[in-house]
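# Residue-level structure breakdown
Letter by letter, the chains look like this.
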Amino acid sequence: MEDYIKSLEKELSLFEHGFKEEEKRALADYKTNDKNYIKRLAFLSFKSDIYQVRMYSVFLFGYLSEDSDILTYMKDEVSKDSNWRVQEVLAKAFDEVCKCRGYEASLPLVEEWMNNNNPNIIRAVTEGLRIWTSRPFFKENPSVAINLISKHKTNESEYLRKSVGNALKDISKKHAELIRIETQQWNLSDARVLFTYKLATKLLK
(Lines give C-alpha, C1' and ligand atoms only; values in the text may rest on other atoms or scores of the structure.)
Protein backbone atom coordinates (compact mmCIF):
# COMPACT_ATOMS: atom_id res chain seq x y z
CA MET A 1 0.00 0.00 0.00
CA GLU A 2 2.88 2.37 0.79
CA ASP A 3 4.26 1.78 -2.71
CA TYR A 4 0.90 2.62 -4.23
CA ILE A 5 0.74 5.86 -2.28
CA LYS A 6 4.23 6.76 -3.50
CA SER A 7 3.06 6.20 -7.07
CA LEU A 8 0.05 8.40 -6.38
CA GLU A 9 2.31 11.12 -5.05
CA LYS A 10 4.42 11.00 -8.17
CA GLU A 11 1.43 10.99 -10.52
CA LEU A 12 -1.00 13.38 -8.84
CA SER A 13 1.62 15.99 -7.94
CA LEU A 14 1.79 16.80 -11.66
CA PHE A 15 -1.72 18.25 -11.49
CA GLU A 16 -1.62 21.65 -9.81
CA HIS A 17 -5.07 22.92 -10.79
CA GLY A 18 -8.56 21.56 -10.26
CA PHE A 19 -9.57 18.30 -8.66
CA LYS A 20 -10.82 16.08 -11.48
CA GLU A 21 -7.77 13.80 -11.62
CA GLU A 22 -7.90 13.14 -7.88
CA GLU A 23 -11.65 12.53 -8.02
CA LYS A 24 -11.39 10.21 -11.01
CA ARG A 25 -8.65 8.11 -9.41
CA ALA A 26 -10.45 7.95 -6.06
CA LEU A 27 -13.69 6.77 -7.66
CA ALA A 28 -11.90 4.17 -9.78
CA ASP A 29 -10.07 2.80 -6.74
CA TYR A 30 -13.25 2.80 -4.66
CA LYS A 31 -15.13 0.81 -7.30
CA THR A 32 -12.40 -1.79 -7.86
CA ASN A 33 -11.30 -2.63 -4.32
CA ASP A 34 -12.96 -3.96 -1.19
CA LYS A 35 -14.13 -1.55 1.45
CA ASN A 36 -11.60 -2.50 4.13
CA TYR A 37 -8.70 -1.94 1.76
CA ILE A 38 -10.08 1.42 0.63
CA LYS A 39 -10.62 2.51 4.21
CA ARG A 40 -7.00 1.75 5.13
CA LEU A 41 -5.85 3.43 1.93
CA ALA A 42 -7.87 6.56 2.68
CA PHE A 43 -6.46 6.99 6.18
CA LEU A 44 -2.90 6.27 5.11
CA SER A 45 -2.97 8.51 2.05
CA PHE A 46 -4.31 11.43 4.12
CA LYS A 47 -0.96 11.43 5.92
CA SER A 48 0.85 12.30 2.68
CA ASP A 49 2.79 15.55 2.44
CA ILE A 50 1.45 15.94 -1.10
CA TYR A 51 -1.80 17.89 -0.98
CA GLN A 52 -3.11 16.26 -4.16
CA VAL A 53 -2.93 12.87 -2.46
CA ARG A 54 -4.76 14.23 0.57
CA MET A 55 -7.43 15.53 -1.83
CA TYR A 56 -7.67 12.02 -3.29
CA SER A 57 -8.00 10.67 0.24
CA VAL A 58 -10.87 13.01 1.12
CA PHE A 59 -12.79 11.92 -1.97
CA LEU A 60 -12.44 8.36 -0.66
CA PHE A 61 -13.72 9.49 2.75
CA GLY A 62 -16.82 10.86 1.05
CA TYR A 63 -17.52 7.52 -0.60
CA LEU A 64 -16.96 5.70 2.71
CA SER A 65 -18.99 8.07 4.85
CA GLU A 66 -21.65 5.57 5.91
CA ASP A 67 -19.07 4.72 8.58
CA SER A 68 -19.50 7.03 11.55
CA ASP A 69 -15.78 6.98 12.31
CA ILE A 70 -15.06 8.30 8.82
CA LEU A 71 -17.49 11.18 9.30
CA THR A 72 -15.92 11.99 12.65
CA TYR A 73 -12.46 11.97 11.08
CA MET A 74 -13.64 14.27 8.28
CA LYS A 75 -15.01 16.71 10.82
CA ASP A 76 -12.26 16.55 13.42
CA GLU A 77 -9.14 16.02 11.32
CA VAL A 78 -9.67 16.83 7.65
CA SER A 79 -11.10 20.22 8.64
CA LYS A 80 -7.73 21.10 10.20
CA ASP A 81 -5.79 20.68 6.95
CA SER A 82 -4.12 23.98 6.09
CA ASN A 83 -4.41 23.57 2.31
CA TRP A 84 -7.48 25.35 0.89
CA ARG A 85 -7.73 22.78 -1.92
CA VAL A 86 -8.23 20.01 0.62
CA GLN A 87 -10.99 22.09 2.21
CA GLU A 88 -12.68 22.41 -1.19
CA VAL A 89 -12.71 18.63 -1.48
CA LEU A 90 -14.04 18.31 2.09
CA ALA A 91 -17.04 20.36 0.92
CA LYS A 92 -17.53 18.04 -2.06
CA ALA A 93 -17.20 15.00 0.20
CA PHE A 94 -19.81 16.38 2.59
CA ASP A 95 -22.23 16.82 -0.28
CA GLU A 96 -21.55 13.22 -1.30
CA VAL A 97 -22.51 12.17 2.22
CA CYS A 98 -25.81 14.05 2.02
CA LYS A 99 -26.56 12.80 -1.48
CA CYS A 100 -26.09 9.18 -0.41
CA ARG A 101 -28.14 9.55 2.79
CA GLY A 102 -30.75 11.85 1.29
CA TYR A 103 -30.74 15.59 1.99
CA GLU A 104 -33.77 15.60 4.27
CA ALA A 105 -32.43 12.64 6.23
CA SER A 106 -29.11 14.50 6.49
CA LEU A 107 -30.62 17.56 8.20
CA PRO A 108 -29.40 16.54 11.70
CA LEU A 109 -25.90 16.08 10.30
CA VAL A 110 -26.08 19.39 8.45
CA GLU A 111 -27.14 21.15 11.65
CA GLU A 112 -24.42 19.41 13.66
CA TRP A 113 -21.69 20.61 11.32
CA MET A 114 -23.24 24.07 10.98
CA ASN A 115 -23.21 24.45 14.78
CA ASN A 116 -19.48 23.74 15.04
CA ASN A 117 -17.02 26.47 15.97
CA ASN A 118 -14.52 25.62 13.23
CA PRO A 119 -15.26 27.77 10.15
CA ASN A 120 -13.82 25.06 7.88
CA ILE A 121 -16.43 22.61 9.16
CA ILE A 122 -19.26 25.09 8.64
CA ARG A 123 -17.95 26.03 5.21
CA ALA A 124 -17.86 22.39 4.16
CA VAL A 125 -21.66 22.57 4.43
CA THR A 126 -22.32 26.07 3.07
CA GLU A 127 -20.03 25.46 0.11
CA GLY A 128 -20.65 21.75 -0.36
CA LEU A 129 -24.41 22.06 -0.75
CA ARG A 130 -24.28 24.94 -3.24
CA ILE A 131 -26.51 25.53 -5.01
CA TRP A 132 -28.63 24.59 -1.99
CA THR A 133 -31.99 25.04 -3.69
CA SER A 134 -30.92 22.75 -6.52
CA ARG A 135 -30.65 19.93 -3.97
CA PRO A 136 -33.62 17.70 -3.11
CA PHE A 137 -35.59 18.84 -0.03
CA PHE A 138 -34.02 22.31 -0.07
CA LYS A 139 -35.47 22.83 -3.53
CA GLU A 140 -38.93 22.52 -1.98
CA ASN A 141 -37.93 24.21 1.29
CA PRO A 142 -35.75 27.20 0.40
CA SER A 143 -36.49 28.98 3.68
CA VAL A 144 -34.85 26.13 5.61
CA ALA A 145 -31.68 26.60 3.57
CA ILE A 146 -31.75 30.38 3.99
CA ASN A 147 -32.16 30.12 7.75
CA LEU A 148 -29.33 27.61 8.11
CA ILE A 149 -26.93 29.64 6.01
CA SER A 150 -27.81 33.13 7.27
CA LYS A 151 -26.98 32.48 10.90
CA HIS A 152 -23.31 32.59 9.95
CA LYS A 153 -23.45 36.05 8.37
CA THR A 154 -21.45 37.51 11.28
CA ASN A 155 -18.79 34.80 11.53
CA GLU A 156 -15.32 36.20 12.17
CA SER A 157 -13.95 34.17 9.25
CA GLU A 158 -14.14 36.17 6.03
CA TYR A 159 -13.48 32.91 4.18
CA LEU A 160 -16.72 31.52 5.60
CA ARG A 161 -18.72 34.74 5.21
CA LYS A 162 -17.80 34.82 1.53
CA SER A 163 -19.25 31.32 1.15
CA VAL A 164 -22.36 32.34 3.10
CA GLY A 165 -22.93 35.42 0.95
CA ASN A 166 -22.38 33.56 -2.29
CA ALA A 167 -24.66 30.71 -1.23
CA LEU A 168 -27.46 33.19 -0.51
CA LYS A 169 -26.77 34.97 -3.80
CA ASP A 170 -27.21 31.64 -5.60
CA ILE A 171 -30.58 31.16 -3.93
CA SER A 172 -31.65 34.70 -4.87
CA LYS A 173 -31.65 33.72 -8.55
CA LYS A 174 -34.90 31.80 -8.01
CA HIS A 175 -36.04 33.12 -4.64
CA ALA A 176 -35.22 36.82 -4.73
CA GLU A 177 -38.07 37.85 -2.44
CA LEU A 178 -37.07 35.37 0.27
CA ILE A 179 -33.51 36.69 0.25
CA ARG A 180 -34.79 40.27 0.27
CA ILE A 181 -36.99 39.56 3.30
CA GLU A 182 -34.11 37.84 5.12
CA THR A 183 -31.51 40.53 4.47
CA GLN A 184 -33.85 43.41 5.32
CA GLN A 185 -33.63 42.21 8.92
CA TRP A 186 -29.84 42.44 9.06
CA ASN A 187 -27.93 45.06 11.01
CA LEU A 188 -25.80 46.65 8.31
CA SER A 189 -23.89 48.77 10.81
CA ASP A 190 -21.94 45.60 11.60
CA ALA A 191 -19.01 45.44 9.15
CA ARG A 192 -19.13 41.65 8.99
CA VAL A 193 -22.84 41.64 8.23
CA LEU A 194 -22.36 44.32 5.58
CA PHE A 195 -19.68 42.22 3.89
CA THR A 196 -22.06 39.24 3.70
CA TYR A 197 -24.98 41.45 2.68
CA LYS A 198 -23.15 42.89 -0.34
CA LEU A 199 -22.52 39.39 -1.67
CA ALA A 200 -25.97 38.00 -0.81
CA THR A 201 -27.87 40.86 -2.47
CA LYS A 202 -25.63 41.35 -5.49
CA LEU A 203 -28.28 40.10 -7.93
CA LEU A 204 -31.26 41.80 -6.28
CA LYS A 205 -32.81 44.81 -7.98
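Shown above is the structure to which this text applies.
Description of the structure in this document. Being a predicted model, the structure only gives us computed values, none of them experimental. (Residues numbered from 1 in each chain as written. Predicted model: local features only at pLDDT ≥ 70, side-chain atom pairs only at ≥ 80, totals over all residues. Heavy atoms only, no water.)

## With respect to the overall build of the protein
Across its full length, the protein holds 12 helices and 0 strands. For the protein, the sequential pattern of α-helices and β-strands runs α-α-α-α-α-α-α-α-α-α-α-α. Compactness check: the protein gives a C-alpha radius of gyration of 18 Å against a globular reference of 17 Å for 205 residues, within 12% of the reference. For the protein, the spread of C-alpha atoms along the principal axes amounts to about 55 × 30 × 25 Å. Here the protein, with 205 residues, has 49% of them falling under the buried criterion. (Helix = DSSP H or I, 4+ residues; strand = E, 2+ residues; numbered from the N terminus. Rg over C-alpha atoms; globule rule 2.2 N^0.38 Å. Buried < 20%, exposed > 50% of the residue type's maximum accessible area, 1.4 Å probe, protein only.)

## Points about helix α12 (residues 191–200)
All of the buried residues along α12 are V193, T196, L199 and A200. All buried residues of α12 lie within an arc of 125° about the axis, which places them on one face of the element. Projecting away from the buried face of α12 at angles above 90 degrees are the exposed residues A191 and K198. Buried residues in α12 make contact with α10 (158–172) and α11 (176–183). In this structure D190 caps α12, since a side-chain oxygen of it lies 2.8 Å from the backbone nitrogen of R192. (Arc of directions from axis to C-beta. Contact = heavy atoms within 4.5 Å. Polar contact = N/O pair within 3.5 Å; in protein donor to acceptor, adjacent residues only side chain to side chain.)

## Remarks on unusual backbone geometry
A cis amide bond, omega -5°, links R130 with the succeeding residue I131. Inspection of the secondary structure assignment puts I131 in the loop between α8 (119–128) and α9 (142–150). Of note in this structure, F137 is not a glycine but carries a positive phi near 75°. Residue placement: F137 occurs in the loop between α8 and α9.

## Let's talk about the nonpolar core
Nonpolar side chains in soluble globular proteins tend to be buried together. Among the nonpolar cores identified, the biggest contains 57 residues, and V58, M74, V110, W113, L129, W132 and F138 are the most heavily contacted of them. In terms of residue count, helix α4 (residues 51–63) provides more of this core than any other element does, 9 residues in total. Those residues in contact with V58, other than ones at most four positions away along the chain, are F46, V78, V86, V89, L90 and A93. (Core = buried A, V, L, I, M, F, W, Y, C linked by side-chain atoms within 4.5 Å.)

## So, the packing of helix α5 (residues 68–76) against helix α7 (residues 107–114)
Interhelical geometry of α5 versus α7 gives an angle of 25° and a closest axis separation of 12 Å. Judged on the interaxial angle alone, α7 and α5 are roughly parallel. For the crossing formed where α5 meets α7, the hand is right-handed. Residue-level contacts link L71, M74 and K75 of α5 to L109, E112 and W113 of α7. Class assignment for the residues of the contact of α5 with α7 results in 4 nonpolar, no polar and 2 charged. (Axes fitted to C-alpha atoms, helices over the stretch in contact; angles between N-to-C directions. Parallel < 35°, antiparallel > 145°, perpendicular 65-115°, else oblique. Left-handed = near helix turned anticlockwise from the far one by under 90°. Nonpolar A, V, L, I, M, F, W, Y, C, P; charged D, E, K, R; others polar.)

## Section: the pattern of salt bridges
A side chain with one charge may pair with a side chain of the opposite charge, provided their charged atoms come close. Evaluated as defined, the whole model comprises 17 salt bridges. A salt bridge links D81 to R54; its shortest N-O distance comes to 2.5 Å. Taken together, the residues D81 in the loop between α5 and α6 (84–101) and R54 in helix α4 connect sequence positions 27 residues apart. Of the two residues, D81 and R54, neither departs from the other in class, the shared state being buried. Residues joined in a network through salt bridges with shared partners are K35, K39, E66, D67 and D69. (Salt bridge = Lys/Arg side-chain N within 4 Å of Asp/Glu carboxyl O.)

## Let's talk about helix α2 (residues 20–32)
The end-to-end C-alpha distance of α2, which contains 13 residues, comes to 18 Å, matching closely the 18 Å that a straight helix rising 1.5 Å per residue would cover. For α2, the full list of buried residues reads E22, A26 and D29. The arc that holds every buried residue of α2, seen down its axis, measures 70°, which confines them to one face. Turned more than 90 degrees off the buried face of α2, the exposed positions are K20, K24, K31 and T32. (Expected span 1.5 Å × (residues − 1).)

## Considerations on the packing of α9 against α10
Between two packed helices, what matters for the description is the angle formed by their axes and the separation of those axes. One way to put it is that α9 packs onto α10 with a least axis distance of 10 Å and a crossing angle of 165°. With respect to α10, the element α9 is oriented roughly antiparallel. In this structure, the crossing between α9 and α10 has a hand that is left-handed. Across from A145, I146, I149 and S150 in α9, the residues of α10 making contact are V164, A167, L168 and I171. Across the contact of α9 with α10, the residue classes tally to 7 nonpolar, 1 polar and no charged.

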